[in-house]
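# Observations on chain architecture
Single-letter residue listing:
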Amino acid sequence: VRRLLLLACVAACSRPPLPAAEAPALPEASEDGSRLRVSLAALGLREAQQFNTQPTLSFPFFARSDRVLTAASLTLRFADPLPQTGIEALEISVNQEKVARLPASALRQEVKIPIDAAIIGDKNLLTLRLSTDREGVCGKISPDSWRAIESGEVLMQSAPLPLPDDLSLLPLPFVDRHFDREASVPMVLAAEPSPAELASASKLAGWFGLDTGVALQFPVSLGALPDRSAVVLISSAREAAALGLPAPEGPLLQMMAHPKAPGRKLLVASGRTPAELELAVSALAQSGAAAFKGAQVRPAAPLPPARAVPDEAPRWVRAGRPLRLGQVPGGEALIHTGLEGGKIAATFRLPPDLWVWPDEFVDLDLRWELALPPKVPQPRLDVLMNGDYLGRLRQLDLAGGEVRGAEKLRIHRSKLRGFNELVVYVNYADAERICAASTARVQILPESTLRIEKYGAFAPQPDIESFVDDGFPFTRLADLSETGVVLSAPLDPGELGLLFSTLAHFASVTGVAGAPAFVGVDEALGGVDKDLLIFGDAQRNGLIRRWGDRMPLLPSGEAMILQAPAQEKAALALFTGGRGLHELGRARGLLAALQKPSVLVAFEHPGRPGRTAVVLSGAGSFAQFRGFAEGELPRGDLLAASEGRRMRFLIGPVYGRGQLSAWAGLRWFLAQHPLLLVPFLFLGVLALALVLRATLDERVHARLSVGGPR
Amino acid sequence: MPRPLRLAARAALVLAGAAALLLVVVTPLSLRDQVLFGAGVLLAALALGRMHRGRVVTLAMVLVSITVSTRYLFWRFTVTLSSEPRIETALGIVLLCAELYAYGMLLLGDLQVLQRLPRKPAPLPPATTHWPTVDVFIPTYNEPLTVVRATVLAARALDWPEGKLKVFLLDDGKRDAFRAFAAQAGVGYIVRPDNRHAKAGNLNYALARTKGELVAIFDCDHVPVRSFLQLCCGWFLRDRKLALVQTPHHFYSPDPFERNLDTFHKLPNEGELFYGLIQPSMDTWNAAFFCGSCAVLRRTALEEAGGIATDTVTEDCHTALRMQRHGWNTAFLDVTQAAGLATESLSAHVGQRIRWARGMAQIFRIDNPLLGRGLTLMQRLNYLGSTAHFFYGLPRLVFLLAPICYPLFGLHIFNALPLMAVAFGLPHLLHSTMTSSRLAGSFRRSFWSEVYETCLALYIALPTTVALFMPSKGGFNVTAKGGRIEQSYFESGIARPYLALVGLNLAGLLAGLYRLWSGTGELDVLLVNLIWCGYNLVILAATVAVAWEQRQLRESPRVAVQLPAMLQLAHGRTVRARSVDLARGGAGLTVPPQLHVAVGERLSLSLFGSFDELPLPAQVIDCHAGVLRLRFEALSIEEESVLVQAIFCRADAWVRKDVPAPDQPLVAFGGILYRGFSNLLQMLRARPPAPKPVPLPAPAISP
């Protein structure tokens, strides 16, 4: 509660996070792609308006690279009445071309301004300039002036732009990295794909995930080409013939025109055998599309991939040593310049099983530098980690031009996740009254250090939150070599789509496009010593049927059977304090309100203690599971998602993944079974009390005897 | 079981038990799990305590309490400390220091009272020729002769072979009336040329001029019973290394708490915990110490330790510590063999406690029991507990002020979620209260320590702190005894700081309620602080109520004494009677209902007991329904001696016959609540007269 209050205080006191000019935002697009809509809100209008005293606001925006604009317009809606700050006019420019100048009298509730489509390219800059009759020092305006604009949007009409057959354009035509926030990548597999082909498809989906970084859907077709651009995997001449495509002559990656849909493309990964297909896919996954030129390449055998190391991935900071902020992307230049409020942000990924427990806090040695022009007051600097308020940095002695400060902040362990964002809000009081000859600068120094060096690797499981956000424990080995996939039989395209979007997400987390150790439908695969992703429900997947009693929720066709999962050590459940029963009751009450939810169910692998099995049931992409989930506990073994709402529960037993010392392991075990501490306490006390009584009796006897001890 | 095997089994049990408790202390839990754990332990402890009253269960409950408190402290240190350079951090550290002190005292306190030593008097040899020679010292400075007379006459009547007992009146007041009385009573009278080192110097001067093997010391208002020496001296013959036998200080008049809160003979008084439990328990570890009076000391031990200690104003405890450093033993005999007058007013009481606190702080500083040679570990810890106890002033003030920080100033001095603080802190408080009630409930009711300590906290905080840094500062003050309070009055001089604390807590309470009403505060923080403020107000109300001094008209309180008696009426008729109560100035008797005597009639009263029978001249002041009330006329010294022996010197005079009711913490708290607020209401209704200047403790004598 206290932290929320502090956060609210910061929010109220701080300047806008950053002018939109420095934060390109992702716009929205209509379904058919012909109409592109970029709202100013998505570009950061609200943040830019707050306390802004500059007369100019700039918003970068993008158009799709694979479409050509035919018309464009800007719609602005204004406050009524306008702020009484002496506004005279609003001038609008796009890419430094003046589009319109609206006098104050024209700033009615909604104004639509046409923009010449010819001046709009892939990357654009929309500039708004307010002129007022009350300009302050250095041309600054009242911070309330920008509240004149309530909302606005750029609308663009477009037509498809024919793309050349060039592999280097990938991920176009499937994903425009700048424009798309989510995208669909149709995939075509053989009518009865082999496990090896499924593994190659998984790796290819992973490459799309790591290359684009956006939420992806993978609509899957088995044995047939869709009438739109698609990724096609072929592992034999027979499969190629079935699709009406040329027979492969070896490992090949090819961008080609869709034979049945004009203007559409096919990315074909092919080989005469599954091994050759795997070689073609691996070449793309290892080298990336930028390494290729032209319509096709015949990749040579790629270098054997380096053996994955647990808890290490290209996009993760390595544990076991202090994390200098200079090591994270952009960490050498965590700088805010100017007298406008703003924020400095550093993002980084930690291994999801970084084990801070039992410490409550991780130290952050934050060092910063201020370079302020004379007579400029020090800014207020507030630090947040993943939205949790850490504190306000102290004021420094500004004797010279540049001064440095250092402060130790504490981050609660629950606030450190796989993906982390450290933000420092910079706020100059009365900025509109300050006019400095030179520029003020605040820098978070690269030697700032997160003290994680003493923490090992361990993670309580199941942790559905960590699975959804970071793919843990499957991403523990980034190449997915410790992951197995068991699908329903017969194969279901929807399930395959969910599998591919899941693996694409994992790749975006780790930076490695890996292929699971196996992908199959055989129930016997459940016995293999791997972490398992299991797709489907009890009606279609034998493994789910077999392990159904271990799951807190058993999906079976339309039915969702909530249950207390069977446990090998059921007596221990009594010492958790009824946590599971409480959560089960909560789930019964809440899940009834969800319409046909998709569910994630995590539990301990019945035959392999410490390993995790996750059942994914439902249709759609993995993205539906991501985002805020309602829950009472920090972890969960059940996640249900429906219509944008997510609920999390922890019903079954908890286990650990990783190695702890005997002492730490015992403490952790007791922490999971708090009521066991009670008999522990009383047995310990009884043992000591018996010894104490005997000792005291002896002492009394000795004291009362002649010549007793002192 | 062979000893090595027994020791190995014990070591194994200790290791296993300690490991289990260590795990309990250091296992972190979430809020929900901590609440579950706390509730589970509390219920189990309650059930265990109800099922069995045995010692193993008591010891187990002590260990549970210590473990739960340690767990709380562990959490405080590992989770709630902030390093942000803010005022809240500084205040938070102050609060933590206060908690740490309280925790340390909890440990030492539990250790001190774990086991009472059931010491019984050791028999003396049949041949009195083997009995040691004893000098009885009665030091006095400014007390009235009426107070001292009884003590001297009682000392003279001690059962000890003639020629082996000498009584000395050590008069630092150098008063002729005392000299004359000593001569009349046939006791030694010693004065010295100066008053250096106050009581300690007085005793040392006498020591140098006497030569009894043993020395019995009585404050001049402590009247011994005749069996005192016979009960105490046996242990000196049995243990040749015994330096001291201390007996309880018993008071036959109410102290200010008992008088002003109306608890005399209803609740255990302030001293009962110390003499009833702490001293007998410290005796288990050979750490009982001299309390300045009602004790016998071996001269050779005193001489080896350099006489009575003069470096501190609690010469008694310090002398015992020194003797023990020289390898001498001490003993505490829990048989009341003397009785005295309690402090007559709150101001005198406070003055006395200031001296105790300063003296103990001086010992802590200049002769710290943890340091130096000659003590066992348990002796060090026991002495540490006794000396460090008096540093409670500042911590208690912190606890009285901490809950107002948030309601009044919005300062979060506890760097944790309030519910988490409650989940960890409440078990610590509940178990320590439960355990304390079980261990010491017969000797002090739950929560009464809060009242006693709160009342003194402000006054001892500064002296103890000063003593830490400047141990030679401050002098000895003599506690006033034997006075009267003619009229009830409000001791505003003492109460003023507490009224300020009441005001602050009340302001905190009101500010918190306003914040609750206006929604400008954090609900959970406010609730915790409001409850804390409310608790403080209850304790402070009782503290302020003590300052409402109730009148006390009798200079010499009546003592309930039931002895066969005979009245000889003026016309020669004798009547059998039985005493109900006796005082130095009069008596109450039951007589046949049909007896009619006129008010003012003169008669003589004979009392029959283990003393010489001598008729005492008296005058009737009331006779009604078989109860006769007499006032004694002027008595000769022999008559007075008989009366003193009848009142004070019977061997069983102070034997407690009633069994105290078991402590019930909630009832005890309710009692404090009731007494505090009802006294305050009474004060408000009575519109007390303007504060009356009351003599503060006697002026200090430079040591």
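From N to C terminus, chain A includes twelve helices and 39 strands. For chain A, the spread of C-alpha atoms along the three principal axes comes to 105 × 80 × 50 Å. Within chain A, the proportion of its 710 residues that are buried is 56%. Expressed as a percentage of contacts within chain A between residues at least 6 apart in sequence, the contacts between residues at least 24 apart total 76%. Accessible surface, chain A: about 29,000 Å² in total, of which carbon and sulfur atoms supply 53%. Averaging the locations of the 75 positively and 75 negatively charged side chains of chain A gives two centres separated by 5 Å.

Before going further, it helps to spend a moment on the sheet that holds strand β29 (residues 456-461) of chain A. Backbone-to-backbone hydrogen bonds pair the strands of a sheet. The strands run either parallel or antiparallel. Residue and element names in this part refer to chain A. Reading across the sheet, the three strands line up as β21-β29-β39 and stay open at both edges, with antiparallel pairing between neighbours. If you trace the sheet from one side to the other, it starts and ends with β21 (354-355) and β39 (655-658), each paired once. Bridging between β21 and β29 involves two bridges; their strand directions are antiparallel. For W355, the partnering residue across the bridge sits in β29 and is G456.

Attention now moves to the packing of aromatic side chains. Aromatic ring pairs: the centre-centre distance and the angle between the two ring planes describe each pair. One pass over the structure, following the stated rule, counts 34 aromatic pairs over all chains. Ring geometry for F506 of chain A versus F622 of chain A: centroids 6.3 Å apart, planes at 80°, classification edge-to-face. Here F622 of chain A lies in the loop between β36 (612-617) and β37 (638-642) and F506 of chain A lies in helix α7 (residues 493-510), a separation of 116 residues in the sequence. Under the relative-accessibility criterion, F506 of chain A is labelled buried at 1%. With 6.1 Å between their ring centres and 40° between their planes, W448 of chain B and Y452 of chain B make a pair best called tilted. Of this pair, W448 of chain B and Y452 of chain B both sit in helix α19 (residues 448-469), four residues apart, which is roughly one turn of that helix. By the burial criterion, W448 of chain B is buried, and Y452 of chain B matches it. Feature note: the residues F467, F474, F506, F622 and F625 of chain A constitute an aromatic cluster, connected by ring pairs. Note that R119 of chain B overlies the ring of W235 of chain B, its terminal NZ or CZ placed 4.3 Å from the centroid. If you follow R175 of chain B out to its NZ or CZ, it ends over the ring of F178 of chain B, 3.6 Å from the centre.

Residues and elements named next belong to chain B. This model, assessed by the stated rule, comprises seven cavities of 30 Å³ or more. Taken together, 15 residues line the largest cavity, and the ones lying closest to its centre are T80, S82, E88, T89 and N415. For the lining of the largest cavity, the element with the highest residue contribution is helix α4 (residues 87-112), accounting for five residues. A breakdown of the residues in the lining of the largest cavity according to their chemical character gives four nonpolar, six polar and five charged.

Every contact between the two is made by 48 residues of chain A and, on the other side, 64 residues of chain B. Together chain A and chain B conceal approximately 5,100 Å² of surface at their shared face, both sides included; 68% is due to carbon and sulfur atoms. Where chain A meets chain B, there are four salt bridges. R55 of chain B is paired through a salt bridge with D697 of chain A; the nearest N and O atoms lie 2.8 Å apart. Viewed at the interface, chain B and chain A are joined by eleven residue pairs in polar contact (both at pLDDT 80 or more).

A few words on the confidence of the model for chain A. Confidence along chain A averages 87 in pLDDT terms, with 94% of residues attaining 70 or more. Below a pLDDT of 50 lies the segment residues 1-26 of chain A, which in the model reaches 71 contacts outside its immediate sequence neighbourhood of four places, other chains included.

Residue and element names in this part refer to chain B. For chain B, per-residue confidence averages 89 on the pLDDT scale, and 95% of positions sit at 70 or higher. Segment residues 689-703: pLDDT under 50, and 37 contacts once partners within four positions in sequence are set aside and those in other chains are kept. For this predicted complex, the interface confidence comes out at an ipTM of 0.90, alongside a pTM of 0.81.

Counting residues in hydrophobic clusters, the biggest one holds 129 residues, and the most contacted among them are L681 of chain A together with F37, V41, F137, F289, F290 and M323 of chain B. With sequence-adjacent residues up to four places away left out, F37 of chain B is seen in contact with P674, L677, V678 and L681 of chain A together with V24, L29 and R71 of chain B. Judged by nonpolar contacts, the second largest core, of 82 residues, contains L567, A587, L605 and L630 of chain B.

Basis of the calculations
Residues numbered from 1 in each chain as written. Chains lettered and ligands numbered in written order. Predicted model: local features only at pLDDT ≥ 70, side-chain atom pairs only at ≥ 80, totals over all residues. Heavy atoms only, no water. Helix = DSSP H or I, 4+ residues; strand = E, 2+ residues; numbered from the N terminus. Buried < 20%, exposed > 50% of the residue type's maximum accessible area, 1.4 Å probe, protein only. Contact = heavy atoms within 4.5 Å. Areas by Shrake-Rupley, 256 points an atom, 1.4 Å probe, with all protein chains shown as cover. Lys, Arg positive; Asp, Glu negative; His and termini not counted. Charge placed at Lys NZ, Arg CZ, Asp CG, Glu CD. Pairing = 2+ DSSP bridges. Phe/Tyr/Trp six-rings, centres within 6.5 Å; stacked < 30°, edge-to-face > 60°. Lys NZ or Arg CZ within 6 Å of the ring centre and 35° of its normal. 1 Å grid on protein atoms, 1.4 Å probe; cavity = no way out; pocket = protein on both sides within 12 Å on 5 of 7 lines; lining within 4 Å. Points joined across faces, edges and corners; volume = space filled by probe spheres on them. Nonpolar A, V, L, I, M, F, W, Y, C, P; charged D, E, K, R; others polar. Buried area = accessible area lost by both parts, 1.4 Å probe. Salt bridge = Lys/Arg side-chain N within 4 Å of Asp/Glu carboxyl O. Polar contact = N/O pair within 3.5 Å; in protein donor to acceptor, adjacent residues only side chain to side chain. pLDDT = per-residue confidence, 0-100. Core = buried A, V, L, I, M, F, W, Y, C linked by side-chain atoms within 4.5 Å.

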